[in-house]
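What follows is each chain in one-letter form.
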Number of protein chains: 2
Amino acid sequence: MARWQPHAPERLVVAALDLFEERGYENTTVIEIAERAGLTKSTFFRHFPDKREVLFGGDTMAGLLADGIAGAPATAAPLDAVAHALDAIGREAFTAERREFSARRRAVIAANPELREREALKGLGLTAAMAEALERRGVPDPASRVAAQLGALVMTIAYERWSDPACGDDFGKAVRQALDEVKAAG
Amino acid sequence: MARWQPHAPERLVVAALDLFEERGYENTTVIEIAERAGLTKSTFFRHFPDKREVLFGGDTMAGLLADGIAGAPATAAPLDAVAHALDAIGREAFTAERREFSARRRAVIAANPELREREALKGLGLTAAMAEALERRGVPDPASRVAAQLGALVMTIAYERWSDPACGDDFGKAVRQALDEVKAAG
DNA sequence: AGAGTGATGAGACTTGGTCCCATCACCGTA
DNA sequence: TACGGTGATGGGACCAAGTCTCATCACTCT
C-alpha cells in the first residue's frame, strides 16, 4: 500500500479543471484546488510552478515534435516532415480517450486571458522547437521558420477540429486534412 | 503650469525600463518604479493594468495593421496587403528615434519569461487582427490565416533587424527584404 | 469666494508564489 | 524489534502583485 494517496499531480489537475469550469479560473484559489484534491497549497506548488501550469503539464510536446521531425524520411519536404511529427504526436498525446478532457481544458483556457497567455507562450516554444529541428535536417533559416509557422497553423487547425465533439476523433486525419488546406492556400 | 508633473505614463515607462535593465524585471518592484517616477503604486496601476504592460503600452498596433490591410490596393495578394500594412506601421511606430528605446525594450523582454509570455499573447492578437482584416477583403479562411502567419513572421524578422544597431534604421526596407526571403522560402 | 473636477496618495485587503522547518509513513538494516 | 534514512507532505511566515475605497490637493469655472 502506498504511503499517501497516489497520483497527486493528476488529482490536482482534475480538481483544478472541475473548479475552473464551475466558478471560473480567477474565482478559484490554489488553496481550494489543493483542498479538493485532499492536499495543501504547499504540495500544489511542489508539483506545479504556478497556478496556470496545472493545465499545461508536461512539456513533452516540444521533444516529441523534434523527434518526429528528425525521424521523418530524408526526402520529405520541410512541411511534410512537420506533418509527420504531428501525426506521431497524435498517436502519442492526442488519443481518443483524452479528447473529452482536452475539449474541457480548451474551453477553460479560451475563457481566460491569463491562460491564453500561457498557451501563446507554449505555442511559441513549439514553433521554435520545430524550426530548430528542421534546421538540424539542413533546412536553412528563413525556410525553417516558414515551415514551422505553417506547421504551427496546421497543428492549431487540427487541434481545433479534433477537440470538437462534432468532428472525428482521429487527430492524424485532421492533420492531413489541415495540411492539404494550408498547402492549397499558400 | 500643470497641476502635476506631466507625462506620468511616459515617466513610468522610462523608470521601469531603466530599473529592469539595472537589476532585472523580477528584482524590480512596482513601488520602486513608481518612486523613481516620483509617483506611487496606486498611480502606476491607474495607468497600467499590470506590471508587464508598462512595456507594451498602447494596443494601437492591431488597429494600424487592420487599417493598413484594408487600405492596400484591391489587386494586392494577401501577403502583399500585409506587407503594405507593415510598411505603414513602420512609418507610424517604428521610426528612427524610437529605435534605441525599442532595442533596450527588446533586450529586457528577451531576458524574462513573464515578459516573453505577454509578448507572445500580443503577437497572437496581431496575427488574429491580420487574419480578420484579410477576411474583410474577401480572403477565405484557410488562406487568410496562412497569410497572417507568414505576415507575422515577416514582421518578426523585420523587427529583429530594425532593432539591431548594426543594421539599417529603415523598417520599411527591412519589411520588403524579409518579405522577399519568406516568399522565396515558401 | 466657493463648488466642481480629475489626478494623485494612502492604506487595508486578497491572492499567487517562495521558503523553511516539522511531521509522518515507509524501507532497509541490525 | 528497534532504529536511522528517505521522500512526500503539512504548516506557517513572508513578500510582491493587484484591487478597492476614501482622502487630498491643485486647478478651473462660475
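For the structure, see preceding data.
Given the structure is predicted, the values throughout are model-derived calculations rather than measurements.

This brings us to the interface of chain B and chain A. Taken together, the contact pairs 17 residues of chain B with 17 residues of chain A. Only α7 (113–136), α8 (141–163) and α9 (171–185) of chain B provide two or more residues apiece to the side of chain B that touches chain A. Its residues assigned to classes, the side of chain B that touches chain A comprises ten nonpolar, two polar and five charged.

A few words on the protein's contact with DNA strand C. Of all residues adjacent to DNA strand C, which total 16 residues, the nearest are Asp50(A), Lys51(A), Ala8(B), Thr40(B) and Thr43(B). Element by element, the count of residues in the surface near DNA strand C is highest for helix α3 (residues 41–47) of chain B, at three residues. Split by residue class, the surface near DNA strand C holds seven nonpolar, five polar and four charged.

Next up on the list: the relation of the copies chain B and chain A. Least-squares fitting of chain B to chain A yields an RMSD of 0.0 Å, with the transformation described by 0.0 Å of translation along the axis and a rotation of 180 degrees. The superposition operator between the copies reduces to a two-fold rotation axis. Across chain B, the rotation axis passes nearest the C-alpha of Ala120(B), at a separation of 2.7 Å. Take the interface residues of chain B: 100% of them recur as interface residues in chain A, which is what a same-surface contact looks like.

The immediate surroundings of DNA strand D are formed by 17 residues, with Ala8(A), Thr40(A), Thr43(A), Asp50(B) and Lys51(B) found nearest. Looking at the surface near DNA strand D, the elements with two or more residues in it are α3 (41–47) of chain A together with α2 (30–36) and α3 of chain B. At three residues, the largest contribution of residues to the surface near DNA strand D is made by α3(A). Here the residues of the surface near DNA strand D sort into eight nonpolar, five polar and four charged.

All names here are of chain B. Here helix α5 (residues 78–92) crosses α9 at 160 degrees, and the two axes come no closer than 8 Å. Classified by the angle their axes make, α5 and α9 are roughly antiparallel. Between α5 and α9 lies a crossing of right-handed hand. Together, Ala-83, Leu-86, Asp-87 and Gly-90 of α5 and Phe-171, Gly-172, Val-175 and Leu-179 of α9 make up the contact between the two elements.

With that out of the way, let us pick up the environment of Ile109(A). All names here are of chain A. Looking at the secondary structure, you find Ile-109 in helix α6 (residues 99–110). Note on Ile-109: 20 C-beta atoms within 10 Å, which makes it buried. The spacing of Ile-109 and Gly-186 is 77 residues in sequence and 29 Å in space, taken between C-alpha atoms. Non-local contacts of Ile-109, meaning those with residues more than four positions away in its chain, are made with Leu-55, Leu-115, Arg-116 and Glu-119.

Calculation criteria
Within every chain, residues take consecutive numbers counted from 1 along the sequence as written. Key to labels: chains lettered from A, ligands numbered from 1, both in the order written. Given that this is a predicted model, residues contribute local features only at a pLDDT of at least 70 and side-chain atom pairs are listed and counted only at 80 or more, while totals for whole chains, interfaces and linings are drawn from all residues. Our contact criterion uses C-beta atoms placed from the backbone: two residues qualify when those atoms are within 7 Å. Secondary structure is summarised from DSSP: a helix means a run of H or I of at least four residues, a strand means a run of E of at least two, and numbering begins at the N terminus for each. Gly counts as polar in this scheme, as do all residues outside two lists: the nonpolar Ala, Val, Leu, Ile, Met, Phe, Trp, Tyr, Cys and Pro, and the charged Asp, Glu, Lys and Arg. Using the backbone to place each C-beta atom, any residue with that atom within 6 Å of a molecule or strand is considered near it. For the least-squares superposition of copies, only C-alpha atoms count, and only for residues with pLDDT at least 70 in both. Between N-to-C directions, angles span 0 to 180 degrees; the directions come from axes that are lines fitted to C-alpha atoms, helices contributing only their stretch in contact. Angles below 35 degrees are treated as roughly parallel, those above 145 as roughly antiparallel, those between 65 and 115 as roughly perpendicular, and all remaining angles as oblique. Left-handed is the label given to a crossing in which the near helix is rotated counterclockwise from the far helix by less than a right angle, and right-handed is the label when the rotation is clockwise. We call a residue exposed when 12 or fewer other C-beta atoms sit within 10 Å of its C-beta, buried when the count reaches 20 or more, and partly exposed for counts in between; the C-beta positions come from the backbone.

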